[in-house]
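Structural description and commentary
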Amino acid sequence: MSKPGPVRLYNSLTRRIDPLEPVTPGRVTIYTCGSTVYRYAHIGNLRTYLFGDLLRRVLEYLGHEVVYVKNITDVGHMRETGEDPILTAAEVEGKSPREIAEYYTAAWLADEALLNMPRADVLPKATEHIGEMIALTETLLERGLAYEVNGNVYYDVSEFPSYGRLSGQRLDHLRAGHRVDVEADKRDPEDFALWKLAEPGRLMKWPSPWGDGFPGWHIECSAMSMQYLGERFDIHTGGIDLKFPHHEDEIAQSEGATGHPVVSTWMHGEFLTLADAKMAKSAGNVIRVSDLPDKGFEPLAFRYLALTAHYRSKLDFTEDAMHAATSGLRRLRRAVAEGGTDGADVDLAADPMAGHRARFVEAISDDLGLPAALAEAHAVAGTEDLTLPQRRALLLDFDRVLGLSLETPAEEAISELPDGAAALLARRAAARAARDFATSDALREELAAMGVEVRDTPEGQVTTIRR
Ligand code: AMP
Ligand code: ZN
């Protein structure tokens, strides 16, 4: 195979766009902070996971091998009140913490499947890596970077001189602005928990050298990233709000334990905002991907919307923006459909395809310039320089990155479906992702009765409408 294409990425740590130089050339290792599984993931969370998915797809398209790890936080993401939201949800819903975690993990992955996000290579659960977290905590104690008080172990930030470098904060400023803390036994308000003593009656706890307890939130990502990707890996991603304290603390832990830099490139995705009251109203400001069909939108229109903004820019989710995304998506699908059914003999490296492809590659290689890449796809869809099969072949090639299922015929897109069918399709895709085949078969029959025939393909469900 030819050499993988070069790519430039913005690194939150250096605050520059730098060329990616993988630890092992041709093989890129990526860790993404995954969901805290005590509630449904909302479309904002999904925007951040889409950013990770696009990073992975871009690198693969450019010829890199990618190892992608995305964790599942099923313990320890403490809130400022000192509560673990998984335990709170278990209490409220009358389930065990494990049931809560399993239920919301399945729902999260089903939502990702609706957005054409293939699973990560490894989806490690925090609860299955307690031993690694304890070992890392012991190393930090041995190195004098942590201290134990009454069964709690804290990281001593004053012992890690570059603390604050990622988020651009100075320790003295952090200290001055600190609110009243529930962890009164810390030496310094900025110290953070590596291990916590279990309170009496706590449901989730593990034995440790410091007594029965549970891990702090940040230690899981240090432990699991190094476990699967090694002590030096290439890229770490997450939403912008994770920069501090989560990623700052992860750097202190991982570098503190190994004595050298662990992550080369830190990447952070900006937020999805939801100012449009009309869209937010019914769902109490939390919209799930699987709610979109009820609002008249196809989940992939949301994926399209995410492609229209650079990952480092805020993106506002509005009804108008979703309508525009739907028509943009249809335009590309129509161009693919017009190209007939084969086109396999089109040589993408020949003129005039090569020019379009070069512009697409240039866009995606430049810090994931997906808006420009999408514009290039539209240029292809509209140009007279290409034959219809050539346009089709190029767009399907671009779709390896875009992930928009462009082969889905435009006329079968959501608004052509009979009332209620889109919601059933979304539920069926979710059932399949959760491997609940009984429900998926029942939904297939319900859809057939409405005149919608469903086939399952590697790209997802394909529908044919019988009138
Ligand atoms: P959580 O499950 O709360 O740990 O959050 C999961 C991910 O979603 C994290 O990477 C957050 O940074 C990200 N996130 C939370 N809210 C938003 C939002 N409105 N837009 C984009 N990303 C978000
Ligand atoms: Zn994390």
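None of the values given here were measured: they were computed from a predicted structure.

Parameters and conventions
Residues numbered from 1 in each chain as written. Chains lettered and ligands numbered in written order. Predicted model: local features only at pLDDT ≥ 70, side-chain atom pairs only at ≥ 80, totals over all residues. Heavy atoms only, no water. Helix = DSSP H or I, 4+ residues; strand = E, 2+ residues; numbered from the N terminus. Pairing = 2+ DSSP bridges. Axes fitted to C-alpha atoms, helices over the stretch in contact; angles between N-to-C directions. Donors = N, O, S within 2.8 Å, 3.2 Å for Na, K, Ca; no water. Buried < 20%, exposed > 50% of the residue type's maximum accessible area, 1.4 Å probe, protein only. Near = heavy atom within 4 Å. Polar contact = N/O pair within 3.5 Å; in protein donor to acceptor, adjacent residues only side chain to side chain. Areas by Shrake-Rupley, 256 points an atom, 1.4 Å probe, with all protein chains shown as cover. Nonpolar A, V, L, I, M, F, W, Y, C, P; charged D, E, K, R; others polar. Core = buried A, V, L, I, M, F, W, Y, C linked by side-chain atoms within 4.5 Å. Domains from an automatic or database assignment. Contact = heavy atoms within 4.5 Å.

Some thoughts on unusual backbone geometry
Of note, the bond from phenylalanine 244 into proline 245 is cis; its omega dihedral lies within 30 degrees of zero at 0 degrees. Considering the arrangement of structural elements, one finds proline 245 in helix α7 (residues 243–258). With omega at 0 degrees, the peptide bond leading from aspartate 351 into proline 352 counts as cis. Here proline 352 is to be found in the loop between α10 (319–338) and α11 (353–365). Here the phi dihedral of asparagine 150 falls at roughly 50 degrees; this positive angle occurs in a residue that is not glycine. Note that asparagine 150 resides in the loop between β5 (146–149) and β6 (152–155). Backbone geometry at leucine 368 places phi at a positive 50 degrees, although glycine is not the residue there. Mapped onto the fold, leucine 368 is located in the loop between α11 and α12 (370–382).

A closer look at the sheet that holds strand β10 (residues 263–269)
With parallel pairing, the four strands of this open sheet are ordered in space as β4-β3-β9-β10. Bordering the open sheet on either side are β4 (65–70) and β10, each of which pairs with just one other strand. Each strand of the sheet is rotated relative to its neighbour by a mean of 20 degrees, with strand direction disregarded. Pairing geometry for strand β3 (residues 27–32) and strand β9 (residues 233–239), over three bridges, is parallel. Residue pairing for β9: threonine 32 is matched across the bridge by threonine 237.

Here's the deal with the coordination of the zinc ion (ligand 2)
For the zinc ion (ligand 2), the full set of protein donor atoms is Cys33 (SG), Cys221 (SG) and His246 (NE2), and the range of their distances to it is 2.0 to 2.2 Å. Ordering the donors of the zinc ion (ligand 2) by residue number gives the pattern C-x187-C-x24-H. Of this pair, cysteine 33 sits in the loop between β3 and α1 (43–61) while cysteine 221 sits in helix α6 (residues 217–229), and the two are 188 residues apart along the sequence. The pair cysteine 33 / cysteine 221 is uniform in exposure class, with both members buried.

Brief notes about the site of ligand 1
Inspection of the region around ligand 1 gives 15 residues, with Gly44, Thr48, Tyr49, Asp241 and Leu272 positioned closest. Interatomic distance of 2.9 Å between a side-chain N/O atom of arginine 39 and an oxygen atom of ligand 1. For ligand 1, a nitrogen atom lies 2.6 Å from a polar atom in the side chain of threonine 48. Calculation on ligand 1 without its partners gives an accessible area of 490 Å², and the protein chains cover 89% of this total. Examining the composition of the shell around ligand 1, we find that four residues originate from one element, α1, more than from any other. Grouping the constituent residues of the shell around ligand 1 by class yields four nonpolar, eight polar and three charged.

Section: the pairing of β5
Here β5 pairs with β6 via four bridges, running antiparallel. Among the inter-strand pairings, valine 149 is bridged to a residue of β6, identified as asparagine 152. Hairpin connection, β5 to β6: the antiparallel pair is bridged by two residues, and asparagine 150 has positive phi, about 50 degrees.

Digging into the nonpolar core
Core analysis: the biggest nonpolar cluster contains 127 residues, and Phe302 and Leu395 have the highest contact counts within it. It is α1 that provides the largest number of residues to this core, a total of ten residues. A domain split of this core shows at least three residues from each of domain 1 (8–273) and domain 2 (306–402). Contacts of leucine 395, omitting those with residues within four sequence positions, involve Leu332, Ala335, Val336, Ala377, Val380, Ala381 and Leu406. One finds Leu417, Ala422, Leu424 and Ile465 within the second-largest nonpolar core, a separate group that totals ten residues.

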